[in-house]
Amino acid sequence: MSDRVTVKVDGRELELSNLDKVLYPEAGFTKGEVIDYYTRVAPAILPHLRDRPVTRIRYPNGVAGKGFFEKNAPAGTPEWVRTVTLPSPGSTKEREMVEYVVCDDLPTLVWLANLAALELHTPQWRVDSDGPDRLIVDLDPGPPAGIKECCQVALLMRDRLADDGIDSYPKTSGKKGMQLACPISGEQSADEVSAYAKRIARELERAHPDLVLSRMTRSLRPGKVFIDWSQNNAAKTTVTPYSLRAQPTPTVSTPLRWEEVESMRVVPAKLTAPAVLKRVDKYGDLMAGLCEPGPRVPA
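Reference entry: report on the structure contained in this document. Note that this is a predicted model, so its numbers are computed, not measured. (Residues numbered from 1 in each chain as written. Predicted model: local features only at pLDDT ≥ 70, side-chain atom pairs only at ≥ 80, totals over all residues. Heavy atoms only, no water.)

On to empty space enclosed by the protein. Tallying each qualifying case throughout the model produces 2 cavities of 30 Å³ or more. Of all the secondary structure elements, the ones that give two or more residues to the lining of the largest cavity are strand S10 (134-141) and strand S15 (238-239). Taken together, the residues that form the lining of the largest cavity break down as 6 nonpolar, 4 polar and 2 charged. Estimates place the volume of the second largest cavity at around 50 Å³. Tyr242, Thr254, Pro255, Val276, Arg279, Val280, Tyr283, Gly284 and Leu286 are the residues that line the second largest cavity. (1 Å grid on protein atoms, 1.4 Å probe; cavity = no way out; pocket = protein on both sides within 12 Å on 5 of 7 lines; lining within 4 Å. Points joined across faces, edges and corners; volume = space filled by probe spheres on them. Helix = DSSP H or I, 4+ residues; strand = E, 2+ residues; numbered from the N terminus. Nonpolar A, V, L, I, M, F, W, Y, C, P; charged D, E, K, R; others polar.)

Given below as structure tokens:
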């Protein structure tokens, strides 16, 4: 295979390189397969990327090598790639300005994949919004707790959020934990949304002290599931649904059916790129409702 090949994607010309380079050595999964995965999953992932600044974690030498975070558009960014210059939330450098990439279309997604941007992370806000339109609940198990305990907490959180009229959509993190994503109005500040998530996490901790933890103290985590409500801070990003993760095998942050969560038989390690493509063929985007407007969170 040639080191470089020129392709046209939706009318855009891209030069792809090193397609046979193995990025996931344990699985023999190549850069070409990464590009193929993102191309085929594009109809499902693009609605979750659209209008959001994307932070990339790139692994040019594969997951066994050193990766690096990238927020700014890199040198050589094609002129047709959408970028927006915004102050970085939480910046300590007097509102540092960042030229963010916004991945709205397939050519941009393929371009990012060719840069070995394996992981795509987005904030809970859109570039043109006044506030977050998603509430995120991150469930992080402290061993010996694992995915089963995450499922238990996800169900508790689902029912509690439903009491406030908030729908939630579960997904694996692509690693050891889970996340719930909830559509909200976009009319409130990140501080208001974060305070609400913290209040609910503490409420569940009081009701289920042997299972749930709302405090960040690491010494308290063994055997419990930490509800990380801080993911709703404006400066935080969360792995995008359908994004690959930099694990030994090409696992994916995979949307789940609630029936799967209720069965407590979710096996994140089996939810790799090929398996997720089959799921999308079968179920479509299980998180499509996340892209619709949601309610305000209670004050």
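In this section: helix H6 (residues 273-283). If you check which residues of H6 are buried, you get Ala273, Val276, Leu277, Arg279 and Val280. For H6, the arc enclosing every buried residue in end-on projection is 160°, short of the 170-degree limit, so these residues lie on one face. Exposed residues on H6 whose side chains face more than 90 degrees from its buried face are Lys278, Asp281 and Lys282. Downstream of H6 by one or two residues, Gly284 has phi in the positive range, about 75°. (Buried < 20%, exposed > 50% of the residue type's maximum accessible area, 1.4 Å probe, protein only. Arc of directions from axis to C-beta.)

Once that is clear, we can look at the pattern of salt bridges. All told, the structure shown has 20 salt bridges when counted by the stated rule. Through salt bridges with shared partners, a single network forms among Asp51, Arg52, Arg82, Asp104, Arg126 and Asp133. (Salt bridge = Lys/Arg side-chain N within 4 Å of Asp/Glu carboxyl O.)

Interhelical geometry of helix H1 (residues 31-49) versus helix H2 (residues 106-114) gives an angle of 140° and a closest axis separation of 9 Å. Here H2 runs oblique to H1, going by the angle between their axes. Viewed along their axes, H1 and H2 form a crossing whose handedness is right-handed. Of the residues in H2, those in contact with Lys31, Val34, Ile35, Tyr38, Thr39, Ala42, Ile45, Leu46 and Leu49 of H1 are Leu106, Leu109, Val110, Ala113 and Asn114. (Axes fitted to C-alpha atoms, helices over the stretch in contact; angles between N-to-C directions. Parallel < 35°, antiparallel > 145°, perpendicular 65-115°, else oblique. Left-handed = near helix turned anticlockwise from the far one by under 90°. Contact = heavy atoms within 4.5 Å.)

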